[in-house]
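# Coordinates in review
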Amino acid sequence: NDGARRTPSTDYVVFALMLVVSAAVGFYYAWVSRSQESSTDFLIAGRRLTALPVSLSLTASFMSSITVLSNPAEVYCYGAIFVYFGLAYILAMVVISEVFLPVFYRLALISTYEYLELRFNRATRLLGTVLFIVQTILYTGIVIYGPALALSQVTDLDLWSGIISTGIVCTLYCTLVSKEIIGVMLAGYLAVIIRSVISQGGVVTVISDSQQGGRLNLLDFDINPQRRHTFWTTVIGGTFGYITVYGTNQSQVQRYVSCKSITHARVALYINLLGLFSFLLGSVFAGMCLYSVYKNCDPWTAGLVSAPDQLMPYMVIDMLTDYPGLPGLFFASVYSGSLSTVSSSINALAAVTLEDFIKPYTNMSEKHLFWMSKGLSFFYGVLCITMGRLASVMGGMMQAGVIVSGVIGGPLLGLFTLGILCPLANSKGALSGLVSGLAASLCVSLEALMYPSPPTMTRPLSLTTEGCNFTTTHSLNWTTTALPTESSSITTAPLQNSDNKYKKKKKKKTTLGMAMTIGRSTDDPKLRDFYGFHIIFNA
């Protein structure tokens, strides 16, 4: 298209250097720790870690490449109200620190789902593990596929090369050792923000443009649950969502239980907040910079990009081409996001498979279990790469796969909350509650697909092409119900909707699924009536 740019060889060198260095880090730590022969050492570092490295790992594994690409685009389209997720972070960490962490840490569990057997029975544990594996493989496939697709639209990077190279490095990285690189991700953000601020004439100009364009919509306290982002949906829905991620998800729990004391684990959670705030503020301000730069010529409406997720790469190529190496640095930050998320997911998949499906039924030595855990990491890495490749031909099914992630999270949160806080619950009630929660969340998802929210509730804020210096037929009348789509790039439509719908729908499904799971899991009629009220309220 008219706005296309080509990435110079210097940027490819920087990008390739990041992949090589990431792989080298894995080989180095594999060599220095080659004397370890325990699966516990490999999976949770022998429970010897201090708060600081664990906090960095918690932040890096939570921040994916989708975060780097989608969050600024979300702010560009829907405003800085996204920043209220910071309050959700705080509330979630307090709940996790006081409710979930003490239980998991004192039980010294490698697999989070082992708790379900101790509290209920083996069937509940195995069902929870299976649901987690399905959810993680689907989401990890999108994490690998999504950035490769977005970047391939505005660079010379081949889609399949991006998927395979990212997947291979992540697999080697996790198979050898699991450590994350967080500085590259922040450096990529800073490069874009600093260049944008200089181009626009300062921070004040960026804020002023965002104010005039309605992007500083921080005083939206509408209680309508159909709205995309309001104070209430962001804070309440975000809190439940982050409790699910940090309180019950194996990828995160496995990290803070690797601390050498419960105090270090708590401190790691709270230091992690600093990293989360850094990325949140960075992504919000990057979105404001996006709007300031393109306030008069929206690339999405003009058809220069086919999905909002491609706006950040487009701006990088548009503004940083004259600075060799900086576009490569940003692309490196995107792929380091994939590296951190995929490696943590693969490690978690290996841990739950080893602890829940292999250890209870075999008498392997620690040495054999150690090598088995590495083999499982390699197996799941190949499986996630395959899922990333299939994403391009699965279309709407991949969107359904992301919705499944939201459907599963709520009932699992309800199940763990039930076990920890409700002593009257039994195993039969837990299983029936989990199944009921899954069914309820699935129904909500199907209903949302068949009867989506009115366009007035989900339409982006004002976008224009009046300042574009070219002729385009992609003008948009915001009084219609249509959103900008490109028929020539229809394969990118699931990418555009996948992460955004994931965030939006997951808020409701997590709360409803959790309530249904708890409400169906006790034989006490009074408690059922009480939780039933909350089911109606949260629905």
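The coordinates are above.
Here's what I pulled together on the structure shown here. Residue numbers run consecutively from 1 along every chain, following the written order of its sequence. Local features are withheld for residues below a pLDDT of 70 in this predicted model, meaning they are given only at 70 or higher, and side-chain atom pairs are given and counted only at 80 or more; totals for whole chains, interfaces and linings count all residues. Water and hydrogen atoms were dropped before computing side-chain values, which therefore reflect all heavy atoms in the structure.

Below, the discussion takes up the packing of aromatic side chains. Aromatic pairing here means that ring centres of Phe, Tyr or Trp (its six-membered ring) are within 6.5 Å. Orientation follows from the plane angle: under 30 degrees is stacked, over 60 is edge-to-face, and everything else is tilted. Enumeration according to the criterion identifies 18 aromatic pairs in this entry. Aromatic pair F85 and Y242: ring centres 5.9 Å apart, planes at 80°, arrangement edge-to-face. Placement of F85 in helix α5 (residues 85-107) and of Y242 in helix α11 (residues 231-248) is noted, with a sequence separation of 157 residues between them. Burial classes follow relative accessibility: with a 1.4 Å probe on protein chains only, a residue under 20% of its type's maximum area counts as buried, one over 50% as exposed, and anything between as partly exposed. A relative accessible area of 5% means that F85 is categorised as buried. Where Y89 meets F277, the ring centres are 6.2 Å apart and the plane angle is 45°; that geometry is what we call tilted. Each helix is a run of DSSP H or I of at least 4 residues and each strand a run of E of at least 2, with the numbering of both proceeding from the N terminus.

Take the pattern of salt bridges next. The salt bridge definition used is simple: a Lys or Arg side-chain nitrogen within 4 Å of an Asp or Glu carboxyl oxygen. Summed over all chains, the structure comprises 8 salt bridges. Between R266 and E98 there is a salt bridge, with the nearest N and O atoms lying 3.8 Å from each other. On the criterion of sequence distance, the pair formed by R266 in helix α13 (residues 262-294) and E98 in helix α5 is long-range, its members being 168 residues apart. Of the charged contacts, one joins K359 and E355 as a salt bridge, the two residues approaching to 2.9 Å between their closest N and O atoms. Judged by relative accessible area, E355 falls into the buried class, the value being 8%. Through salt bridges with shared partners, a single network forms among E117, R122, R125 and D356.

Turning our attention to the packing of α5 against α11. Viewed as axis vectors pointing N to C, α5 and α11 meet at an angle of 30°, and their least axial separation amounts to 8 Å. In this view, α5 runs roughly parallel relative to α11, as classed from their interaxial angle. You can see that α5 and α11 cross each other, and the crossing is right-handed. Residues F85, L87, A88, Y89, L91, A92, M93, V95, I96, F100 and F104 of α5 pack against F231, T234, V235, G238, T239, Y242, I243, Y246, G247 and T248 of α11. Residues are grouped as follows: Ala, Val, Leu, Ile, Met, Phe, Trp, Tyr, Cys and Pro are nonpolar; Asp, Glu, Lys and Arg are charged; all remaining types, including Gly, are polar. A breakdown of the residues in the contact of α5 with α11 according to their chemical character gives 16 nonpolar, 5 polar and no charged. Every axis in this analysis is a line fitted to C-alpha atoms, fitted for helices over the stretch in contact. Angles between the N-to-C directions lie between 0 and 180 degrees. Relative orientations are named as follows: roughly parallel for angles under 35 degrees, roughly antiparallel for angles over 145 degrees, roughly perpendicular for angles from 65 to 115 degrees, and oblique for any other angle. Crossings are sorted by hand: turned counterclockwise from the far helix by less than a right angle, the near helix makes the crossing left-handed, and turned clockwise it makes it right-handed. Every residue pair with non-hydrogen atoms within 4.5 Å of one another is taken to be in contact.

So, about α5. Look at α5: 31 Å from first C-alpha to last across 23 residues, which is about the 33 Å you get at 1.5 Å a residue. Of all the bends in α5, the largest measures some 45° and sits at L101, one to four residues before the proline P102. Just past α5, the residue A108 takes up positive phi, approximately 55°. One fewer than the residue count of a helix, multiplied by 1.5 Å, yields its expected span. To get the bend at a residue, fit one axis to the 7 residues ending there and another to the 7 starting there, then take the angle between the axes.

Bringing the state of the cysteines into the picture now. A pair of cysteine sulfur atoms is labelled a disulfide when the two atoms are within 2.5 Å. Summed over the entire model, instances satisfying the criterion amount to 1 disulfide. Linked covalently through their sulfurs, C297 and C468 form a disulfide whose S-S length is 1.9 Å. Taking the sign of the S-S torsion, 105° for the link of C297 and C468, the bridge is right-handed. Placement of the pair is C297 in the loop between α13 and α14 (299-302) and C468 in the loop between α20 (455-458) and α21 (493-519), with a sequence separation of 171 residues. On the basis of relative accessibility, which here comes to 18%, the residue C297 falls in the buried class.

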